[in-house]
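Spelled out, the chains give:
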Amino acid sequence: MCVNKDVIIACDFENKAELLGFLKKIKTKKLFLKIGMELFYREGPEIINFLKDLGHRIFLDLKLCDIPNTVKSAVFNLTKLNIDMITVHAFGSKAMIESAKDGLLRSSREILLIVVTILTSISDEILKKELMIKYSLKKTVLNYAKEARKSGADGVVCSVHEAKEIKRLGFENFLCVTPGIRYKKQKDDQMRTATPIEAKKSGSDFIVVGRPITRSKYPILMYEKIYKDFLGENHE
Ligand code: C5P
């Protein structure tokens, strides 16, 4: 599948009214929007059709993680929605990712299967002390990326810091989707942050940006600045 690099806006809003308020401010016609659990659980699948009808592309980020059979059926059901990208967790294992892929292949829709490696809100310390993973964060993410690739996924979610190394593996058409994008020291709950320019240098294919745009006083200006920094051109 041919994929163009883009900036994905994480629409972490409580409800449709808040989302509409934001879209009114940002005005830009064709966006790539990430709908996560917060909005999807509140508004249901209709929110996807509504946004599609407005001409937006959709990354449905539900981060599925369950036994392979359940994930396969869930993914198949999600293919009924007009979405462009979905996520499952690497923690679910290779068998689960393969099942997710099977679920996708039962449909004729072209939807990108992206595997969440280690959340960008997790630090090396949390990984070791709480999750009891003895390898470094980088090594763990790199290994998850390799397994995801072998399982038929189209790419991974990782931080900009790991994207560089994943790209060095040289997997053809294997995408790096990178959240944790920040300009300033302000990190919110993110630990492994980077700027849009650093993301560009790392070879990232998609940056996912939420609060720096959605909570900005001037969301359209912020979106345009991030877009230009990441893609080197203005959004049309
Ligand atoms: O507001 P902020 O820019 O931190 O939003 C980042 C978005 O990316 C959130 O919607 C979050 O769910 C998502 N995400 C992440 N780290 C991952 C995977 C997804 O921050 N590893």
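Preceding this section is the structure that the text describes.
This paragraph deals with unusual backbone geometry. With phi around 45°, Lys 63 is a residue other than glycine that occupies positive phi space. Mapped onto the elements, Lys 63 comes out in strand S3 (residues 57-64). Non-glycine residue Ser 93 carries a positive phi angle of around 90°. You can see Ser 93 is positioned in the loop between strand S4 (85-89) and helix H5 (94-105).

This part takes up the packing of aromatic side chains. For the coordinates displayed, the defined rule picks out five aromatic pairs. Taking 5.6 Å as the distance between ring centres and 75° as the angle between the ring planes, the aromatic pair formed by Phe 32 and Phe 206 counts as edge-to-face. Here Phe 32 is found in strand S2 (residues 32-36), whereas its partner Phe 206 is found in strand S8 (residues 206-209), with 174 residues between them in sequence. Per residue, the accessibility class of Phe 32 equals that of Phe 206, and both read buried. Seen from their ring centres, Tyr 223 and Tyr 227 are 5.9 Å apart, and the 50° between their planes marks the pair as tilted. With Tyr 223 and Tyr 227 both in helix H11 (residues 219-231), this residue pair falls four residues apart, about one helical turn.

For the rest of this paragraph, the subject is the layout of surface pockets. Within this model, the largest pocket holds a volume of roughly 600 Å³. Lining the largest pocket are 27 residues, and of these Asp 12, Lys 34, Asp 61, Lys 63 and Gln 190 sit closest to its centre. Elements with a contribution of two residues or more to the lining of the largest pocket: S2, helix H2 (37-43), S3 and S8. Here the lining of the largest pocket takes three residues from S3, the largest share from any one element. Each residue belonging to the lining of the largest pocket can be placed in one class, and the counts come to 11 nonpolar, seven polar and nine charged. Space inside the second largest pocket adds up to approximately 400 Å³. Taken together, 16 residues form the lining of the second largest pocket, with Asp 6, Lys 30, Tyr 227, His 235 and Glu 236 sitting closest to its centre. Among the residues forming the lining of the second largest pocket, the class breakdown is four nonpolar, five polar and seven charged.

Counting through the fold element by element, His 89 comes out in strand S4. Look at His 89 and you get buried, because its relative accessible area is 13%. Excluding residues that lie within four positions of it along the chain, His 89 makes contacts with Lys 63, Leu 64, Cys 65, Met 96, Val 115, Val 116 and Leu 119.

Moving on to the site of the ligand. Taken together, 16 residues form the shell around the ligand, and within it Asp 12, Thr 120, Arg 182, Gly 210 and Arg 211 come nearest. Within the side chain of Thr 120, one N or O atom sits 2.7 Å away from a nitrogen atom of the ligand. With respect to the ligand, the side chain of Arg 211 contributes an N or O atom lying 2.7 Å from an oxygen atom. Protein burial of the ligand: of its 470 Å² of free accessible surface, 89% is covered by the chains.

What counts, and at which threshold
Residues numbered from 1 in each chain as written. Predicted model: local features only at pLDDT ≥ 70, side-chain atom pairs only at ≥ 80, totals over all residues. Heavy atoms only, no water. Helix = DSSP H or I, 4+ residues; strand = E, 2+ residues; numbered from the N terminus. Phe/Tyr/Trp six-rings, centres within 6.5 Å; stacked < 30°, edge-to-face > 60°. Buried < 20%, exposed > 50% of the residue type's maximum accessible area, 1.4 Å probe, protein only. 1 Å grid on protein atoms, 1.4 Å probe; cavity = no way out; pocket = protein on both sides within 12 Å on 5 of 7 lines; lining within 4 Å. Points joined across faces, edges and corners; volume = space filled by probe spheres on them. Nonpolar A, V, L, I, M, F, W, Y, C, P; charged D, E, K, R; others polar. Contact = heavy atoms within 4.5 Å. Near = heavy atom within 4 Å. Polar contact = N/O pair within 3.5 Å; in protein donor to acceptor, adjacent residues only side chain to side chain. Areas by Shrake-Rupley, 256 points an atom, 1.4 Å probe, with all protein chains shown as cover.

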